[in-house]
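Residues per chain, in single letters:
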Amino acid sequence: MDADDVAEELYRLPPVQFTAARNAQVVAAKRAGDAATARRIAAFHKPTLAAWASNLLARQKEEARQLLELAEALREAHRTLDPDRFRTLGHQQHAVVAGLARQAGGLARQAGQPVSPSVLHEVEQILRAVLADPEVAEQWAAGRLTKVPAVSTDFPGTSPLAQVSKKDAKTERPTPAPAREEAPDAAEAKRRARLKEAMKAATEAAAEASRRDDDVRRAEEEHERAAARRSAADERVALLTAQLGEAEQERRTAAEAADEASERVRDAAREQKAAQRKSASTSRAVDRLSGGPSGR
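Everything quoted here is computed from the prediction, not taken from an experiment.

Criteria and thresholds
- Residues numbered from 1 in each chain as written.
- Predicted model: local features only at pLDDT ≥ 70, side-chain atom pairs only at ≥ 80, totals over all residues.
- Heavy atoms only, no water.
- Core = buried A, V, L, I, M, F, W, Y, C linked by side-chain atoms within 4.5 Å.
- Buried < 20%, exposed > 50% of the residue type's maximum accessible area, 1.4 Å probe, protein only.
- Helix = DSSP H or I, 4+ residues; strand = E, 2+ residues; numbered from the N terminus.
- Contact = heavy atoms within 4.5 Å.
- Salt bridge = Lys/Arg side-chain N within 4 Å of Asp/Glu carboxyl O.
- Expected span 1.5 Å × (residues − 1).
- Arc of directions from axis to C-beta.

Turning our eyes to something else, we now look at the nonpolar core. Counting 35 residues, the largest nonpolar core has Leu67, Leu127 and Trp140 as its most contacted members. Elements represented by at least two residues in this core include exactly helix 4 (49-58), helix 5 (61-79), helix 6 (83-110), helix 7 (117-132) and helix 8 (134-141). If we skip the residues at most four places from it in the chain, Trp140 touches Ser54, Leu57, Ala58, Ala64, Leu67, Leu68, Ile126, Leu127, Val130 and Leu145. Residues Val6, Leu10, Tyr11 and Phe44 belong to the second largest nonpolar core, which totals 11 residues.

A separate point is the pattern of salt bridges. Throughout the structure, instances matching the rule amount to 10 salt bridges. Its salt-bridge partner being Asp4, residue Arg40 comes within 3.1 Å of it at the nearest N-O pair. Here Arg40, found in helix 3 (residues 35-42), pairs with Asp4, found in helix 1 (residues 3-10); they are 36 residues apart in sequence, far enough to count as distant. In this structure Arg40 comes out as partly exposed when scored by relative accessible area, which is 42%. With a shortest N-O distance of 3.0 Å, Glu8 and Arg12 are connected by a salt bridge. The class of Glu8 is partly exposed, set by a relative accessible area of 27%. Relative accessible area serves as the criterion here: at 44%, Arg12 is assigned to the partly exposed category. Salt bridges sharing common partners tie together Asp4, Arg40 and Arg144.

Here we take up helix 2 (residues 15-31). The terminal C-alpha atoms of helix 2, which comprises 17 residues, lie 25 Å apart, in line with the 24 Å expected from a rise of 1.5 Å per residue. Where helix 2 is concerned, the buried positions are Pro15, Phe18, Arg22, Gln25, Val26 and Ala29. The buried residues of helix 2 occupy an angular sector of 105 degrees when the element is viewed end-on, so they sit on one face. Across helix 2 from its buried face, at more than 90 degrees, point the exposed residues Val16, Ala20 and Arg31. If you follow the buried residues of helix 2, they end up packed against helix 1, helix 3 and helix 4. In the stretch just after helix 2, Gly33 is the one whose phi turns positive, near 80 degrees.

Here it is as structure tokens:
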């Protein structure tokens, strides 16, 4: 049994199935007499829903390549202090992250575990961390993230001052340069430092704008759900109103039928009384005729 193969299988499963499947694999490894593999498998951590959804995305080769290439391009633009390139890639970053997060949501639904808008927001955090941090990118590409990493708005190992120092170290001469020759280097270092700070501020502003975009999207989704509930309620009210109108019509029809029936009952009662009087009168006449001369 290979622990990496087990991990590949486990991290594809929805989180609700992870723990039971992992424990079963630990038991299987122990029964096979492989205690070391059992310990490695037991150390695998259950992923959050957002981490699991992002892991599904990492297994899509084209999408993973797109994000990792964008991450490398962003880091290169930051290393070379190319503000135009960095700005262009920054705009591209928002569209790519939002699109890939939606795709991760679709993959989660296909796997039988739909995720909420808040989880998709966490997926976007993961993707931004992948762009900013090579270590996170490596973990994500392996499909084994277990939680949302801290989002970094800076790119490590890109200090312009450090770059200037390296440049100076390469061109350093045994004889100190005159003070007037050091001024351009100092000015360049300051310019690079200012540019570094401006790019960092631009990255932070872009991240904040992205978060605001997320807020707007969630608000729009909530509005759509509320509007759908209102529409359903309006339809229900319209249906009940129509049913009430039909019931009122049925009541009026029944009332009219009842009034007509009552009138027929009264007419029948009058006719009954008249028939009874006629019958009584006829009976008396028969009695009188029966008591004629022979009766007297």
